[in-house]
Amino acid sequence: MSVRAIVAKPWVWSYVAAFAVWLATIAFTGGQGAGGVLTAALTFGTFFALVAIGQMFVITLGPGNVDLSIPATMTLAGTIAMKAMAESDAMIPVGLGLALLTGLCVGILNFGLILLLRIPPIIATLSSSFIVQSTAIWWNRGLRIKPPPALGDFATTNVMGVPVLAVLVIIIAAVMHVVLARTVFGRSVTAIGQNQRAAWLAGVKVERIRFLTYVLCALFSSLCGFLLASFSGGAALNMGQEYLLTSIAVVVIGGTSVAGGFGNVPGLWGASLFLFLLVTMLNTYGLGAGPRLILTGAIIILVIVAASYRRQRE
Amino acid sequence: MGAVVNPRLLRALLPAFSLAVLLAAIFWLQPRTMTYFGLNLLLNLAIPIVLATIAQMFIICVNDLDLSIGSYVSLTACIAATWLNDEPVVGVAALALCVLVYAGLGALIHIRQLPSIVVTLGMSFVWLGVAILVLPTPGGEAPEWLRGLMTWKPEFVPFPIIASVVIAVVVHVGLMWSPYGAVLRGVGGNARAVERAGWSLLKAKVIMYALAGIAGAFAGMALVGLTTSADANIALRYTLLSIAGVILGGGEFVGGRVSPVGAVIGAMTLTLAASFLSFLQLNPDWQIGAQGAILIIVLALRVLINRAEGRR
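A few points on the structure. Being a predicted model, the structure only gives us computed values, none of them experimental.

Reading guide: rules and limits
- Each chain has its residues counted from 1, following the order in which its sequence is written.
- Throughout, the order in which chains and ligands are written sets their labels, letters from A for the former and numbers from 1 for the latter.
- Under the rules for a predicted model, residues below a pLDDT of 70 receive no local features and side-chain atom pairs below 80 are neither given nor counted, while totals for whole chains, interfaces and linings still include all residues.
- Only hydrogens and water are set aside; all other atoms, that is, all heavy atoms of the structure, feed into the side-chain values.
- For salt bridges, the criterion is a side-chain nitrogen of Lys or Arg within 4 Å of an Asp or Glu carboxyl oxygen.
- Numbering of helices and strands runs from the N terminus, with a helix taken as a DSSP run of H or I at least four residues long and a strand as a DSSP run of E at least two residues long.
- For every residue, the accessible area (1.4 Å probe, protein chains only) is compared with the maximum for its type, and the residue is labelled buried under 20%, exposed over 50%, or partly exposed between those bounds.
- Any pair of residues with heavy atoms lying within 4.5 Å of one another is described as a contacting pair.
- Accessible area, probed at 1.4 Å, shrinks when two parts are joined; the buried area is that loss added up over both.
- By the criterion applied in these results, polar contacts are pairs of N or O atoms within 3.5 Å in which, for protein atoms, one can donate a hydrogen and the other can accept it, and in which residues neighboring in sequence qualify only through two side-chain atoms.
- Surface patches are drawn from residues lacking salt bridges whose relative accessible area is over 30%; two like charges belong together within 9 Å, two nonpolar side chains (Val, Leu, Ile, Met, Phe, Trp, Tyr) within 5 Å.
- Residue burial considers only the protein chains on display, and all accessible areas are found by Shrake-Rupley using a 1.4 Å probe.
- Put simply, a nonpolar core is a bunch of buried Ala, Val, Leu, Ile, Met, Phe, Trp, Tyr and Cys residues held in one set by side-chain atoms that sit within 4.5 Å of each other.
- Centres within 6.5 Å make a pair out of two Phe, Tyr or Trp rings, where for Trp the six-membered ring is used; the pair is then stacked when the planes are under 30 degrees apart, edge-to-face when over 60, and tilted otherwise.
- The rule for a charge over a ring is simple: NZ of Lys or CZ of Arg within 6 Å of the ring centre, and within 35 degrees of the ring normal.

1. Here we look at the pattern of salt bridges
Residues and elements named next belong to chain B.
Now for step 1: For the coordinates displayed, the defined rule picks out three salt bridges over all chains.
Now for step 2: Measuring nitrogen to oxygen at the nearest pair gives 3.3 Å for the salt bridge that ties Asp64 to Lys205. With Asp64 in the loop between helix 3 (46-61) and helix 4 (69-81) and Lys205 in helix 12 (residues 201-227), this pair connects stretches of sequence that are 141 residues apart. Just as Asp64 is buried, Lys205 falls in that class too.
Now for step 3: The partner of Arg147 in a salt bridge is Glu144, with the nearest N and O atoms 3.3 Å apart.

This is the structure:
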C-alpha cells in the first residue's frame, strides 16, 4: 500500500489526532508520564472501543439505525453478573454467561420491537432501554457487589504497561474487522447500508442480517458492562451513562459514515484513544470540566464538517 | 361500512385516548388527584417537558433529530437561575445568544448537508460544558416573577392545564394553519418541491432551529420557576423524553408529519406515566420502565390501526 493509499483511509486521521494530542500532553509535562498516559488511554479506550464496535455495525446498516439501549444494557449485564457471582471465583463463567445472555435478550427485544411495531430503531431501542434500565434498578437495589477477586485482578492487570483487557479487545477488534470486510455477514451489513432495496433484490436476507446486527451490538454492550463492572470494583446504576453519546462520537470520529454503508473497525480504536487522550491533555493543562466538554463537542462538529468537505471533493 | 370507525380519525385520536385512559386510571386509584390541587401537583412538572417536546418537534418536522435538547434546557435553566435573576439584561442577552446559536446550527446543517444527529451530539457536550461554566455547583435562584408565574393558581382551572392548552393552540395555529407553516412542514415532506416553488430551504431550516431554541429556552425557564434552583445536569433526560413525546403524539421521523397538539399530549402522557406507578403503590424502581412500556403499548396500538387501514 502506498503512502497515498494509507492517507486516503478515513480512519488514519483518528490515529494522527490521537498521536498529536499525546505529543501535546507530554510536551507540557516535559516527557514525564508519557508511558503512564498511554497505559491509561489503552485501559479506558478499551471500554469505548468495545461498545463502539457494536454501534458501528448498527450505524453502518443505514440512516435511522442507532442503538440507544447501550448504557442500559451495560448496567443490567454488569449488575446481574456481579450479583450472580457474589464475589466467588468459581462463579465467573456463570457470571459471564449471564451477562452475555442478558445482551442476547436485549438484542432480541430490540429487534422484536423494530420488526413487530415497524418503528424506527431509534425509538425501539429508546423504549426498550427504559425498561432495561428499570430492571437494572430493581435488580440492583442500590447494592454495590465487588467482582470476584480473580476477575478483578484480571481486569486490572497490566503486562509491561499494556492492560490485558486492551489486548483482548484489540484481538476482538481484529476479528470484527475481518468479519466486516471479508464475511458474508459483514458485506451484507455494508450492502444494506448502501441500498437496502438493492441488497434485498441481490438476495441478501435483510431482516435476518439486521436481527444479527442488533443482537451483536447488545452482546458487545453486555460484555463491556461485565468488564467495566469488574474493572471498577462493581456495577453502578450510572455506569453506562456516558457511553451513549461516546459510542456514537467514537464511530463518527473513527471515519465511519453516519449515513451508513461505509464502516471501519481500525478507526474505532484510534477515536477511542483520541477521546481519552484529549480529556487527559485538557486535564494536564489544568482546564476544568466545562472547557473540556466544550472542546470535545467542538471537535466532534469539526470532524463532521471536515468529512463533508472530503465528501464534496470525491 | 359506516359501522367501522375511520382509522385515520382513530390514529389522530390515539394520543388523546392514551392520556385519557392514563388519567382515568390515576383518578380511580387515587380519587384525591381529581381536585384542583391534585391536578396541579400531578401536571406541574409537565410544562418544561411539554416545551422541550415542542422544541424537538420543530426539529423532527424538518427530518432532523436533536440529541442536545436536554443539555440545552439544562443550560438555559442555569442561565435563568443565575444571570436572569442577578442581571436581567445580561440574562436575556445570553438566552438570545443561545437561540442565535441554534439558528446558526440549522444553517450549518443545511449548507454543509451534515447529519443533524452528529452535530447536535457534539452540541450536547458544548451546552453541558457552558452550563458547568455558568453554574459550577448546583444552586442559583429563580427570578421572582418566574417563580410567581409557575406557581400561579388561577381560579377553576390549574395553571399547568392552561399553559399546555395555550402552548398547543399557539404552535398548532402557527405551524398547521398559517400559510408559511405549511411551507415549513413541506421542507420535511418534500424539500425539492418547496425549493422549486421558490422558497428558501435555508431560511426555513434556520427558522425551525430558532423556534426550537426559543421553545428550549422557555423550557429551561419554566423548569427553574418550578424547582427554584438549577444544576448543569438538571434536564439531561429531556433529550430522550422529548423524542418519545413527539412519537407518542403521532409524529413521524420523516415526511414533516408532526402534530403540535399530539406532542403536548404525548409529553403529558409520559409525565403521568411516571407518577402512575407511584399511585399503584408498586415499586418506584419501575417508573422509567413504565414510560417505556406505555410508549410500546401506544405504538403497538398504532400498528393495529394502520393494519386496519391497510385492509380497507
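Next comes the rest of the write-up.
2. Concerning the interface of chain B and chain A
Now for step 1: Facing the 41 residues of chain B at the interface are 39 residues of chain A.
Now for step 2: Contact between chain B and chain A buries roughly 3,600 Å² in total, counting both sides, with carbon and sulfur atoms accounting for 82%.
Now for step 3: Seen at the junction of chain B and chain A, the total is zero salt bridges.
Now for step 4: Taken together, the connections running from chain B to chain A amount to one residue pair in polar contact (both at pLDDT 80 or more).

3. What about the side chain of Thr280 of chain A?
Now for step 1: Residue position: Thr280 of chain A is located in helix 13 (residues 266-284).
Now for step 2: Within the structure, the side chain of Thr280 of chain A is placed 2.8 Å from the backbone oxygen of Phe276 of chain A, a separation counted as a polar contact.

4. Side note on the environment of Leu126 of chain A
Now for step 1: The topology assignment puts Leu126 of chain A in helix 6 (residues 121-140).
Now for step 2: Given a relative accessible area of 0%, Leu126 of chain A falls into the buried group.
Now for step 3: A C-alpha to C-alpha distance of 15 Å links Leu126 of chain A and Leu116 of chain A, two positions 10 residues apart in sequence.
Now for step 4: Excluding residues within four positions of it along the chain, Leu126 of chain A makes contact with Leu68 of chain A together with Leu240, Ile243 and Ala244 of chain B.

5. Re a nonpolar patch on the surface
Residue and element names in this part refer to chain A.
Now for step 1: On the surface, a nonpolar cluster with roughly 350 Å² of combined accessible area is contributed by Phe28, Tyr285, Leu287 and Leu295.
Now for step 2: In this structure, Leu287 sits in the loop between helix 13 and helix 14 (289-313).
Now for step 3: Given the relative accessible area of 32%, Leu287 is considered partly exposed.

6. Some words on the nonpolar core
Residues and elements named next belong to chain A.
Now for step 1: With 209 residues, the main nonpolar core has Phe57, Ile123 and Met176 as its most contacted residues.
Now for step 2: For this core, the leading source of residues is helix 3 (residues 34-60), giving 15 residues.
Now for step 3: In this structure, Met176 is in contact with Ile53, Phe57, Leu216, Phe220 and Val265, ignoring residues within four places of it in sequence.
Now for step 4: In terms of nonpolar packing, the next biggest core, distinct from the first, is built from seven residues, Ile80, Val106, Val132 and Ala218 among them.

7. Let's talk about the packing of aromatic side chains
Now for step 1: For the structure shown, the criterion picks out 18 aromatic pairs over all chains.
Now for step 2: On the basis of an interplanar angle of 65° and a centroid distance of 4.9 Å, the ring pair of Tyr72 of chain B and Trp127 of chain B is categorised as edge-to-face. Separated by 55 residues along the polypeptide, Tyr72 of chain B in helix 4 and Trp127 of chain B in helix 7 (residues 116-134) bring together distant segments of the chain. Accessibility classification places Tyr72 of chain B together with Trp127 of chain B in one group, the buried group.
Now for step 3: The lysine or arginine in question, Lys83 of chain A, covers the ring of Trp139 of chain A, its NZ or CZ lying 5.0 Å from the ring centre.

8. Observations regarding unusual backbone geometry
Now for step 1: A positive phi angle, close to 45°, is found at Ala86 of chain A, a residue other than glycine.
Now for step 2: Here Phe156 of chain B, not a glycine, exhibits a phi torsion of approximately 70°, which is positive.
Now for step 3: Examined against the element boundaries, Phe156 of chain B turns out to sit in the loop between helix 8 (144-150) and helix 9 (159-177).

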